[in-house]
Amino acid sequence: MDKVRIVEVGPRDGLQNVKTSIPTPTKIELIKRLQQTGLQSVEITSVVSPRAIPQLSDCTTVLSNAHIQRVLQNGQIRAPVLIPNLKGLEIALQHGVREVAVFVSASEGFSRANINCSVQEGLDRAKAVAERARENNLAVRGYVSCIFACPYDGPTPLPAVLDCARQLLDMGCYEISLGDTLGVGVPSQTEKLIRFLVDAGIPVEKLAGHFHDTYGQAVANIWAAYRCGLRVFDSSVGGLGGCPYAPGAKGNVATEDVVYMFEQAGVTTGVDLASLVGIGTWISEQLRKPNESRAGNAISAKSLRKKQLPALASTPGQNRPSQRLQWTPQSAPEGLQIVKSGPNVKIILDRPRNGNALTTTMICGITDYVEKTAQDPSTTRLVIASTGKFFCTGMDLGKGSSPVAQGQATVDAQFKRLTRLFDAISNAPQVTIACVQGPAFGGGVGLAFACDIRIMSQKASVTLSEVKLGLCPATISKQVIRELGVPFAREAMLSARPVFPAEMARIGAVAKVVDESSDISAALDDYLTALKQCAPSASGMVKEIVKLGWQEGSGGPRQEEGIRRLFVEMMASDNPEAAFGLEQFQKGNKRVDWDAYTLAKRRVHAKL
């Protein structure tokens, strides 16, 4: 049986263009999982300037990790590290790297945009790195980008690719990876280029293919290259990747798709496809992005369906396995992401480098969206979540942006903004959920406690630290005291200490605490799925009953009046939700899918 070698580039090429900061432990876990699938080559990272590629600024931390050190010293697996210059090589040598990769562009325009030099200057830099690496007994792999076209210069001449390949081989590269950076190539171009290089004396066994999937041609190009004699191919789990200097270019071809194609064709890869599919699903969830692997998505869906079949045939009342929700991006103001899944909406704070501190734009954006959504009966649940390490560090108190001590007009405007924000969330008719994955401070605590329900990671905490700054938690106090109770809130505010989820769970202020090793977004999806059994209008009435009890006290006249009004409303003959729920109960259906009911009503209104 014929064999191919897959070079997994996800941890480096796949992650380097992701804008949201990815925690270092996630990167290390990705490498660890990939190593266990049978992959023979996994590209670890790149020793680059943090200004050039901020996502890889933790490269030395990654390389210093004990597990990564074991990978680097493992003679059974290749673990190349991309090196741009001699300074980067010195760092790699200090960390015990055994294989490096150098890169050049076949086009002048891309070379100047990417590494700020001409093609030949780039080759000279690569040569200096390669020669020094070989002096230290390191293996050297070469990359040539823009083999078919350049975003600045247009089509790339075949002789330009040949010149790069020859010089890389002459400087000691054991293998040359040909990169279709824009993903514009088609099989006929792939065959033409490979034949040109081989006819010019480049050994086919020295060539590898690196194809992006912008136009959906990557797998076809790989098969064409395979038929021309190539047996090494670069790919990225989940189709992660892209190029910051190639506008519109999609990510690398998905490793799952490549492995599936070859294995189905009787060509062995040595890779456990099932494990790979699981990793693609996992890392896509970690990055909160769609999984770009067609094979991965199909295999995951098929596997899930098989697991569900026994439950679907089970007796009524038994719990059925939940599915991960599919979230669709919506337009959002700067600093926020907004995504929807059926009747669920998620507002995501997306300034991880600033601790998700609340800017005026973010405050107004959240408030406007929540107030607008309050009028939308097709949205039944509203989630506040965040990216990065922190949930929210409160108001943006950075120099030049803080409203503190800026004059009465500024103070009044900020007070109105914050009061309107927290009131909008507190008074929303939808069920509101805070998904708190990390520490919250000040206004971030207000966001969490303005919501009806909190799901928190064990890594999370809330800290009312205002007294340490000479401030007090004024605008958030109403929500904090409502949720924590007077004695607890008083002590937390006066001590300014971190309060952890387990402590809040004991007093009922947190609905679910998610273990550090678990995925909080999965826990959120499970919770939202469970809420499908709860009718939306009835949930709104429950919120109003609780509000009456908290604001009016037990047995007061306004509370009694409100309870009677809600009783009449729910028993009214023109209450379609109650009528539907009663009908389903009388039919013996004890697990009504209220999401389906809500979405069906929306479709009817849309037709009208």
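Residues numbered from 1 in each chain as written. Predicted model: local features only at pLDDT ≥ 70, side-chain atom pairs only at ≥ 80, totals over all residues. Heavy atoms only, no water.

As recorded in an unreviewed UniProt entry, the chain goes by hydroxymethylglutaryl-CoA lyase and comes from Monascus purpureus. Regarding the chain, the relevant UniProt record gives this comment under Catalytic activity (unreviewed entry): "(3S)-3-hydroxy-3-methylglutaryl-CoA = acetoacetate + acetyl-CoA". One UniProt comment on the chain, placed under Sequence similarities (unreviewed entry), says "Belongs to the HMG-CoA lyase family." (UniProt positions renumbered as here; feature names shortened; annotations may be inferred.)

(A) Region of interest: the overall build of the chain. On a plain count of helices and strands, the chain comes out with 24 helices and 20 strands. With the C-alpha coordinates of the chain rotated into their principal frame, the extents come out at 95 × 60 × 45 Å. Buried residues in the chain amount to 49% of all 608 residues. A separation of at least 24 residues holds for 70% of the contacts in the chain among residues at least 6 apart in sequence. Of the side chains in the chain, 67 bear a positive and 57 a negative charge, and the two mean positions are spaced by 3 Å. (Helix = DSSP H or I, 4+ residues; strand = E, 2+ residues; numbered from the N terminus. Buried < 20%, exposed > 50% of the residue type's maximum accessible area, 1.4 Å probe, protein only. Contact = heavy atoms within 4.5 Å. Lys, Arg positive; Asp, Glu negative; His and termini not counted. Charge placed at Lys NZ, Arg CZ, Asp CG, Glu CD.)

(B) Region of interest: the layout of surface pockets. Empty space within the second largest pocket amounts to approximately 1200 Å³. As for the second largest pocket, its lining consists of 45 residues, and the residues nearest its centre are Ala 428, Pro 429, Ser 539, Gly 540 and Lys 543. Of all the secondary structure elements, the ones that give two or more residues to the lining of the second largest pocket are α15 (408–426), α17 (477–484), α21 (536–552), α22 (557–571), α23 (576–586) and α24 (594–607). Residue contributions to the lining of the second largest pocket peak at 12 residues, all from α21. Residues that form the lining of the second largest pocket fall into these classes: 18 nonpolar, 14 polar and 13 charged. (1 Å grid on protein atoms, 1.4 Å probe; cavity = no way out; pocket = protein on both sides within 12 Å on 5 of 7 lines; lining within 4 Å. Points joined across faces, edges and corners; volume = space filled by probe spheres on them. Nonpolar A, V, L, I, M, F, W, Y, C, P; charged D, E, K, R; others polar.)

(C) Highlighting the domain arrangement of the chain. Splitting the chain by domain gives domain 1 (5–307), domain 2 (328–532) and domain 3 (537–592). The straight-line distance from the C-alpha centre of domain 1 to that of domain 2 is 39 Å. If you look at the interface, domain 1 gives 7 residues, while domain 2 gives 7 residues. Between domain 1 and domain 2 the total buried area reaches about 660 Å² when both faces are included, carbon and sulfur atoms providing 47% of it. Where domain 1 meets domain 2, there are 0 salt bridges. Between the two partners, domain 1 and domain 2, sit 1 residue pair in polar contact (both at pLDDT 80 or more). The residue makeup of the side of domain 1 that touches domain 2, split by class, is 1 nonpolar, 3 polar and 3 charged. (Domains from an automatic or database assignment. Buried area = accessible area lost by both parts, 1.4 Å probe. Salt bridge = Lys/Arg side-chain N within 4 Å of Asp/Glu carboxyl O. Polar contact = N/O pair within 3.5 Å; in protein donor to acceptor, adjacent residues only side chain to side chain.)

(D) Geometry of unusual backbone geometry. Positive phi values are uncommon outside glycine, yet Arg 288 reaches one of about 55 degrees. Take Arg 288: it is sitting in the loop between α12 (273–286) and α13 (294–312). You will see that Asn 356, though not glycine, has its phi angle at about 55 degrees, which is positive. Within the fold, Asn 356 resides in the loop between β13 (344–349) and α14 (360–373). By relative accessible area, which is 0% here, Asn 356 ends up buried.

(E) Just the pattern of salt bridges, in detail. In the structure shown here, the tally under the stated rule is 28 salt bridges. Where Arg 12 meets Asp 13, a salt bridge forms, and the shortest distance between an N and an O atom there is 3.8 Å. Across the pair, exposure class does not vary: Arg 12 and Asp 13 are buried alike. Between Asp 595 and Arg 381 there is a salt bridge, with the nearest N and O atoms lying 2.6 Å from each other.

(F) Broad picture of a nonpolar patch on the surface. Together, Phe 567, Val 568, Met 570 and Met 571 make up an exposed nonpolar region whose accessible area comes to about 400 Å². Tracing the sequence through the fold places Phe 567 in helix α22. Residue Phe 567 is classed as partly exposed on the basis of its relative accessible area, which comes to 46%. (Patch = residues over 30% accessible without salt bridge, like charges linked within 9 Å, V, L, I, M, F, W, Y side chains within 5 Å. Areas by Shrake-Rupley, 256 points an atom, 1.4 Å probe, with all protein chains shown as cover.)

(G) How the structure looks around the sheet that holds β13. Strand order in this open sheet of 7 strands is β11-β12-β13-β14-β15-β17-β20, and the pairing throughout is mixed. Every other strand in the sheet has two partners, leaving β11 (328–330) and β20 (512–514) as the edge strands with one partner each. With direction set aside, neighbouring strand axes in the sheet form an average angle of 25 degrees. Where strand β14 (residues 381–386) and strand β15 (residues 431–436) come together, 4 bridges link them in parallel fashion. Looking across to β15, one finds that Leu 382 is bridged to Thr 432. (Pairing = 2+ DSSP bridges. Axes fitted to C-alpha atoms, helices over the stretch in contact; angles between N-to-C directions.)

(H) Quick look at empty space enclosed by the protein. The full count for this structure, using the stated rule, is 4 cavities of 30 Å³ or more. There is about 70 Å³ of room inside the largest cavity. Forming the walls of the largest cavity are Thr 380, Arg 381, Pro 429, Gln 430, Val 431, Leu 531, Cys 534, Ala 535, Pro 536 and Ser 539. In the lining of the largest cavity, the residues fall into 6 nonpolar, 3 polar and 1 charged.

(I) Spotlight on helix α9 (residues 187–199). Over its 13 residues, α9 runs 18 Å from end to end, which matches the ideal 18 Å to within 8%, given 1.5 Å per residue. Listed as buried for α9 are Thr 190, Leu 193, Ile 194 and Leu 197. The arc enclosing the buried residues of α9, seen along the axis, measures out at 95 degrees, which places them on a common side. Away from its buried face, by an angle of more than 90 degrees, α9 presents the exposed residues Ser 188, Lys 192, Arg 195 and Asp 199. Note on α9: the residue one or two positions beyond its end, Gly 201, has a positive phi of about 105 degrees. (Expected span 1.5 Å × (residues − 1). Arc of directions from axis to C-beta.)

(J) Just the pairing of strand β10 (residues 232–235), in detail. Alternating residues of β10 divide into Val 232 and Asp 234 and Phe 233 and Ser 235, and every residue in both groups is buried. Pairing geometry for strand β1 (residues 5–8) and β10, over 4 bridges, is parallel. Residue pairing across strands places Glu 8 opposite Ser 235, the latter belonging to β10. Where strand β9 (residues 207–211) and β10 come together, 2 bridges link them in parallel fashion. Directly across from Gly 209, in β10, lies its bridge partner Phe 233.

(K) Fine view of the environment of Arg 5. Here Arg 5 shows up in strand β1. Between the C-alpha atom of Arg 5 and that of Leu 158, which follows or precedes it by 153 residues, the distance is 26 Å. Separated by 2.5 Å, the side chains of Arg 5 and Glu 175 make a polar contact.

(L) Structural context of the sheet that holds strand β2 (residues 41–42). Sheet architecture is open: 8 strands sit in the order β2-β1-β10-β9-β8-β5-β4-β3, paired in parallel fashion. In the strand order of this sheet, the two ends are held by β2 and β3 (81–82), each with one partner. Taken together, the 7 bridges between strand β4 (residues 99–105) and strand β5 (residues 139–145) define a ladder with parallel strand orientation. Each bridged residue has a counterpart across the sheet, and for Glu 99 the counterpart in β5 is Ala 139.

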